[in-house]
Amino acid sequence: MIRVENVWKSFDEQPVLKDISLTFERGKTNLIIGKSGSGKTVLMKCLVGLLEADRGRIVYGDLDFSAMGYRQRRVIRKELGMLFQGAALFDSMSVTDNVMFPLSMFTTMSRKEKEMRAAFCLERVNLHGADHLQPSELSGGMKKRVAIARAISISPKYLFCDEPNSGLDPPTAILIDKLISEITEEFNITTVVNTHDMNSVMEIGDKVVYIYLGELWWVGSRHEILHTGNKELNDFVYATELMRTLKK
Amino acid sequence: MLHTLILIAKLIRESALFALTSIVANKLRTVLTLLGITIGIFAIISVFSVVDSLERQIRESISALGDNVVYIQKWPWTFDTDLQWWQYANRPSPRLRELEEVQRRTGSVEAAAFLASTRRRVEYLTTSVESVSIAGVSADYDQVRNFSLHSGRYFSQTESSAGRNAIILGYDLAENLFPNTDPIGRSVKLFGHNMTVIGVFEKEGLGGFGDTHDDSAVIPIQTLAQFINVDQDRYGPFIMAKPHPGITNAELIDDLTGVMRSIRRLPPVAENNFSLNETSLLTEGFDELFAIITLAGWIIGGFSILVGGFGIANIMFVSVRERTSIIGIQKALGAKNYFILWQFLFEAVLLSLIGGIVGLLLVFGGTAIVVSVFEIDFLLSASNILLGVNVSIVIGLVAGFLPSWSASRMDPVVAIRSTA
């Protein structure tokens, strides 16, 4: 579980996050949604420590992440899996080597042990047999799955996904979303997904957080989001013709 | 502690693998970057190898001449600025009878020999070699000059004192005159007389002073004296004197100076009309020369290496810029600053080292060609290889540090943003 308590963040005295307080629950897929520039990416970076909040606290379990120094944070960093937008694989490394990278950084596992772990993770994302391939030989969906395997290789307690299905066709995007959701439940991970894709919301949104102009505007589940009377949220949810037609 | 060391070792290994992959992925760029270092190492190590080889040859030659032997000659090896050249020219040359006086009157001399030389044709049956250097030497020549005989023997006391027609041939001369025959006991014609070959010198190669026996022949001085006036200036006569063990060159020179002045009856106010030359004077001169050549090698090669170093630094900055996103992802996935630092530093050192090794290979190839074509003893020594490798590593470290440091200090947020 991650608790966000009264977090503020500004750039050049322009507030980007305003007094955000919420909880991301364990074993659930938590989605942060919002328009571009709403502050959802800044919130995500504050969560993983890539940006420091000006005020407020971020608490992992019982550990106050905001109050920790660099060395102390490393303990929590070992428990964070990260899935970057665009997969962000190392092009010069094979699929296996990509998956093994976090293990090399955080553990003293032998090569054999790392390979076994990588093989397990690749198997889990249905990429058995692709271990020797280079990223250039993979499709967009396969790259995302390798990135998920890399993210879960260190058996994280927390998984952060930044726009996990951007650039993918709808069926593949849904597959990736489902994979994230399955892994979250299977390994009892606290997963935070940053997205603006309503398909993802409807598919895997156990808990949905809507950020509007840097403020926490709405919190609920995917089942509730279609029936809220909140105007700003409805503008976001029913922004497409498809959604408006479905609503009618 | 052990756990930390293992982790560090593993991270360094991972860094090295990243660096290696990058080098392999950019082959053309790597080759172009290496050129500066290659040329620099080639220049420096070539010069050093030449200097070392020359120095070794000269020292071997000096050793062959006898590094404690003093030469009594008309001309000095280093000129005294107080005297004019014509004052040297007017001096008398050492004479054969002066050798006997030196041997008799000096207490410090263990052995002394007289040598005069000319050039003549040497014939064997229908084969002849023109303009062979013929040296007439006195009996103790074998005690003051280091040499080995390939076959046969040195002159006996009788042959030397009686001026018998005996001759010792240089190795190459013997090969030319007797291509398929053992020359020992056979007669060659010199000065129109038959001379019996009693020995052949061991092959000596080209000495630093060109003082090899290979193309020459040696006969007893009394034999040579039957055909020419060995005291004449034109035959370059000189006396070599070697001290008893424990006698320093300075003591020997003092002794020889007194005896020679006495032999030549020089009044106390008169300048010496002879020179006492030491081989150490030669080495001192060469030491200075080699120091200058070495310095020149450092300067010439240093500039090339400097340019190469800038090339590496430049390409490393480009590499850091290109891989900004990767640096960001690595950091986000747990890579520490020193992992990134090592990664780029390793790449820079590897680049520089490859350049240096290619340079060393070129020197090695060059030496092999020189040795096979010119038959000169030219060697790429282990110390020079080590120097080349060390210089390469240091240049790689220096050139790569700033780009690597800037990469390691990169803000992961900024770095990752470059991917988005």
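In the block above lies the structure referred to throughout.
Analysis parameters
- Residues numbered from 1 in each chain as written.
- Chains lettered and ligands numbered in written order.
- Predicted model: local features only at pLDDT ≥ 70, side-chain atom pairs only at ≥ 80, totals over all residues.
- Heavy atoms only, no water.
- Helix = DSSP H or I, 4+ residues; strand = E, 2+ residues; numbered from the N terminus.
- Buried < 20%, exposed > 50% of the residue type's maximum accessible area, 1.4 Å probe, protein only.
- Contact = heavy atoms within 4.5 Å.
- Areas by Shrake-Rupley, 256 points an atom, 1.4 Å probe, with all protein chains shown as cover.
- Pairing = 2+ DSSP bridges.
- Phe/Tyr/Trp six-rings, centres within 6.5 Å; stacked < 30°, edge-to-face > 60°.
- 1 Å grid on protein atoms, 1.4 Å probe; cavity = no way out; pocket = protein on both sides within 12 Å on 5 of 7 lines; lining within 4 Å.
- Points joined across faces, edges and corners; volume = space filled by probe spheres on them.
- Nonpolar A, V, L, I, M, F, W, Y, C, P; charged D, E, K, R; others polar.
- Axes fitted to C-alpha atoms, helices over the stretch in contact; angles between N-to-C directions.
- Left-handed = near helix turned anticlockwise from the far one by under 90°.

A. Inspection of the overall build of chain B at higher detail. From N to C terminus, chain B includes 14 helices and ten strands. Taking all 420 residues of chain B together, 48% fall into the buried category. When contacts within chain B are restricted to residue pairs at least 6 apart in sequence, those whose partners lie at least 24 apart make up 77%. Accessible surface for chain B amounts to roughly 20300 Å². Of this, 60% is attributable to carbon and sulfur atoms.

B. Representation of the sheet that holds strand 4 (residues 55-60) of chain A in the model. Residue and element names in this part refer to chain A. The four strands are arranged 2-1-4-5 in an open sheet whose pairing can be described as antiparallel. Looking at the sheet topology across the chains shown, the edges are occupied by strand 2 (14-24) and strand 5 (63-64). Bridge analysis of strand 1 (residues 2-11) against strand 4 gives five bridges, and the strand direction is antiparallel. Across the sheet, the residue bridging to Ile2 is Tyr60, located in strand 4.

C. The packing of aromatic side chains, seen in detail. Residue and element names in this part refer to chain B. For the coordinates displayed, the defined rule picks out 17 aromatic pairs over all chains. Residues Phe48 and Trp298 carry aromatic rings whose centres are separated by 5.3 Å and whose planes lie at 70° to one another, so their mutual orientation is edge-to-face. Here Trp298 lies in helix 10 (residues 279-322) and Phe48 lies in helix 2 (residues 27-65), a separation of 250 residues in the sequence. Judged by relative accessible area, which is 8%, Phe48 ranks as buried. An angle of 10° between the planes, with centres 4.5 Å apart, marks the rings of Phe191 and Phe227 as stacked. Placement of Phe191 in the loop between strand 6 (187-190) and strand 7 (193-201) and of Phe227 in the loop between helix 8 (221-224) and strand 9 (238-243) is noted, with a sequence separation of 36 residues between them. Put simply, the rings of Tyr141, Phe147, Tyr154, Phe155 and Phe201 touch in pairs and so form one group of aromatic residues.

D. Representation of the environment of A:Arg145 within the structure. All names here are of chain A. You can see Arg145 is positioned in helix 5 (residues 140-152). The exposure class of Arg145 is partly exposed, given its relative accessible area of 23%. Each C-alpha atom, one on Arg145 and one on Leu122, is 8.0 Å from the other, the two residues being 23 residues apart in sequence.

E. Fine view of helix 3 (residues 95-106) of chain A. In terms of burial, helix 3 of chain A is largely enclosed, as eleven of its twelve residues are buried. Residues of helix 3 of chain A that are buried: A:Val95, A:Thr96, A:Asn98, A:Val99, A:Met100, A:Phe101, A:Pro102, A:Leu103, A:Ser104, A:Met105 and A:Phe106.

F. Spotlight on empty space enclosed by the protein. Under the defined criterion, the tally for this structure stands at two cavities of 30 Å³ or more. Of the volumes computed, that of the largest cavity is approximately 80 Å³. No other element matches strand 6 (residues 80-83) of chain A, which puts three residues into the lining of the largest cavity. In terms of residue class, the lining of the largest cavity is made up of nine nonpolar, two polar and two charged. By volume, the second largest cavity amounts to about 70 Å³. Forming the boundary of the second largest cavity are B:Ser22, B:Ile23, B:Asn26, B:Arg29, B:Thr30, B:Thr33, B:Ile315, B:Met316, B:Ser319, B:Glu347 and B:Leu351. Breaking the lining of the second largest cavity down by element, the ones donating at least two residues are helix 1 (2-25), helix 2, helix 10 and helix 12 (337-374) of chain B. Of the residues belonging to the lining of the second largest cavity, the class tally is four nonpolar, five polar and two charged.

G. How the structure looks around unusual backbone geometry. Residue and element names in this part refer to chain A. Residue Asn6 is not a glycine yet carries a positive backbone phi of 50°. Along the chain, the position of Asn6 falls in strand 1. Owing to a relative accessible area of 41%, Asn6 belongs among the partly exposed residues under this scheme. The phi dihedral of Ser155 falls on the positive side, at around 50°, and the residue is not glycine. Inspection of the secondary structure puts Ser155 in the loop between helix 5 and strand 7 (158-162).

H. Broad picture of the sheet that holds strand 7 of chain A. All names here are of chain A. What the six strands build is an open sheet, ordered 6-7-8-3-9-10; its pairing is mixed. Lying at the two open borders of the sheet, with one neighbouring strand each, are strand 6 and strand 10 (215-220). Ignoring which end each strand starts from, the neighbouring axes of this sheet average 20° apart. Sheet strands touched by helix 1 (residues 40-48): strand 3 (29-33), strand 6, strand 7, strand 8 (190-194) and strand 9 (207-212). Its angle to strand 8, the strand with the most contacts, is close to 150°.

I. Geometry of the packing of helix 10 of chain B against helix 12 of chain B. Residue and element names in this part refer to chain B. Between helix 10 and helix 12, the least distance of the axes is 11 Å, while the angle of their chain directions is 140°. The two elements helix 10 and helix 12 meet at a crossing, and its hand is right-handed. On helix 12, the residues touching Ile312, Ile315, Met316, Ser319 and Val320 of helix 10 are Phe344, Glu347, Ala348, Leu351 and Ser352. Class assignment of the residues belonging to the contact of helix 10 with helix 12 gives a composition of seven nonpolar, two polar and one charged.

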